[in-house]
Amino acid sequence: MSQVVDAIAPPRFGHAFRRLLTSAWASDLGDGVALAAGPLLVVSLTRDPFLVALATLLQRLPWLVFGLYAGVVADRYDRRMVIVVANAVRAAVLAVVAVMIVTDTLTVAVVLVVLTVLGSAEVFVDTTGQTLLPMLVDREDLGVANSRLMFGRITINRLGGPALGALLFAAGAAVPFVLQAVCVTFAALVIRSIAIDRPPAPGDHASVRSEIAAGLRWVWSHAAIRTLTITILAFNITFGAAWAILVLYSVERLGLG
């Protein structure tokens, strides 16, 4: 087992990176479970296509609204505590959802509000988590270390998590959300235990607007980054249009359970 751990996270990366990886993978599992359980929960309450699509929109809209601001927050404050607080908010909201499901008091309006809150917290967790990596490993190891984090995002979050989420939802509608709450709580506790020897460099306390503007100018002035950003934006818009109603299509048109 130790050889497997060393192959995944080489000792030269340090214990702090291993904790970051453990936290990220735990969070990826919880979010992956919700990828399937969330739409299934919405469809169990309503078959209105507008509301089903709105649920996905409200979960992703915070990235547009708070994404750039989250980057400023990550630069200005203790990054570990930003993740801990955001995950604590997610865990509390998920616990409330689980209780409301069990007591049969959950409504579509509540689900839409919950998804907005969870999506907003996720923005700060994911944005800040990515900025921790360069503080924990050497520059020459960034490529390998980042590939370990992306393995969790692709394999655990996008492949394994949704399958598990659908299975657990079939066993009990509240079960996947309880598991997600446990995952994000565990992720927060692990992140909190990380000791960072290289804190972010102190800024000049410029305004949030000026810092965001400077970041946008930097992106636009670099041709490769600019092209990549535009490409990803266009892909996500078209992909999201189909994804938003996929669960409704599967249930009503394909006759799936």
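Reading guide: rules and limits
Residues numbered from 1 in each chain as written. Predicted model: local features only at pLDDT ≥ 70, side-chain atom pairs only at ≥ 80, totals over all residues. Heavy atoms only, no water. Helix = DSSP H or I, 4+ residues; strand = E, 2+ residues; numbered from the N terminus. Rg over C-alpha atoms; globule rule 2.2 N^0.38 Å. Buried < 20%, exposed > 50% of the residue type's maximum accessible area, 1.4 Å probe, protein only. Axes fitted to C-alpha atoms, helices over the stretch in contact; angles between N-to-C directions. Parallel < 35°, antiparallel > 145°, perpendicular 65-115°, else oblique. Left-handed = near helix turned anticlockwise from the far one by under 90°. Contact = heavy atoms within 4.5 Å. Nonpolar A, V, L, I, M, F, W, Y, C, P; charged D, E, K, R; others polar. Salt bridge = Lys/Arg side-chain N within 4 Å of Asp/Glu carboxyl O. Phe/Tyr/Trp six-rings, centres within 6.5 Å; stacked < 30°, edge-to-face > 60°. Lys NZ or Arg CZ within 6 Å of the ring centre and 35° of its normal. pLDDT = per-residue confidence, 0-100. Polar contact = N/O pair within 3.5 Å; in protein donor to acceptor, adjacent residues only side chain to side chain.

## Some points on the overall build of the chain
Thought 1: Tallying secondary structure elements over the chain gives 10 helices and zero strands in all.
Thought 2: Secondary structure elements of the chain, listed N to C terminal, follow the sequence α-α-α-α-α-α-α-α-α-α.
Thought 3: On C-alpha atoms alone, the chain measures out to a radius of gyration of 19 Å, which is about the 18 Å that the 2.2 N^0.38 rule sets for 257 residues.
Thought 4: With the C-alpha coordinates of the chain rotated into their principal frame, the extents come out at 50 × 45 × 30 Å.
Thought 5: Out of the 257 residues in the chain, the part that is buried amounts to 39%.

## Focus on the packing of helix 5 (residues 108–136) against helix 6 (residues 142–171)
Thought 1: At a closest axis distance of 10 Å, the pairing of helix 5 and helix 6 adopts a crossing angle of 150°. As judged from the angle between their axes, helix 5 and helix 6 are roughly antiparallel. Considering the relative orientation of helix 5 and helix 6, their crossing is right-handed. Of the residues in helix 6, those touching helix 5 at D126, Q130, L133 and P134 are L142, A145, N146, L149 and R153.
Thought 2: Broken down by class, the residue content of the contact of helix 5 with helix 6 amounts to five nonpolar, two polar and two charged.

## Some details on the pattern of salt bridges
Thought 1: Going through the model one piece at a time under the given rule, you end up with eight salt bridges.
Thought 2: As a salt-bridge pair, R47 and E252 come within 4.0 Å of each other at their nearest N and O atoms. Of this pair, R47 sits in the loop between helix 2 (15–45) and helix 3 (49–76) while E252 is found in helix 10 (residues 246–252), placing the two residues 205 residues apart along the sequence.
Thought 3: Note that D78 is salt-bridged to R80, the shortest N-O span being 3.3 Å.

## Quick notes on the packing of aromatic side chains
Aromatic ring pairs are described here by two measures, namely the spacing of the ring centres and the angle between the planes.
Thought 1: Following the criterion strictly, the structure yields six aromatic pairs and no others.
Thought 2: With 6.3 Å between their ring centres and 40° between their planes, F66 and F124 make a pair best called tilted. Taken together, the positions of F66 in helix 3 and F124 in helix 5 put the pair 58 residues apart, joining distant regions of the chain.
Thought 3: Taken together, F66, Y69 and F124 form an aromatic cluster joined through their ring pairs.
Thought 4: Its guanidinium or amino end placed over the ring of W220, R226 lies 5.2 Å from that ring's centre, counting from NZ or CZ.

## So, the confidence of the model for the chain
Regions with low pLDDT carry predicted coordinates that are not meant to be interpreted in detail.
Thought 1: Averaged over all residues, the pLDDT of the chain is 88; the fraction at 70 or higher stands at 96%.
Thought 2: Within the chain, no element has a lower average pLDDT than helix 1 (residues 2–8), which sits at 79, and none a higher one than helix 7 (residues 175–192), at 94.

## Looking at the packing of helix 3 against helix 5
Thought 1: Running from amino to carboxyl end, helix 3 crosses helix 5 at an angle of 35°, the nearest separation of the two axes being 7 Å. Seen from above, helix 3 lies across helix 5 with right-handed handedness.
Thought 2: When grouped by side-chain class, the residues that make up the contact of helix 3 with helix 5 number 16 nonpolar, nine polar and three charged.

## Here's the deal with the side chain of T46
Thought 1: Within the secondary structure layout, T46 lies in the loop between helix 2 and helix 3.
Thought 2: A distance of 3.1 Å separates the side chain of T46 from the backbone nitrogen of D48, its partner in a polar contact.
Thought 3: Ignoring sequence-local partners within four residues, the contact set of T46 consists of L51, V52 and V108.

## A word on the environment of G161
Thought 1: In this fold, G161 is placed in helix 6.
Thought 2: Looking at G161, the relative accessible area reads 0%, which means it is buried.
Thought 3: For the pair formed by G161 and A34, sequence separation is 127 residues and the distance between their alpha carbons is 7.8 Å.
Thought 4: If we skip the residues at most four places from it in the chain, G161 touches L29, G32, V33 and I156.

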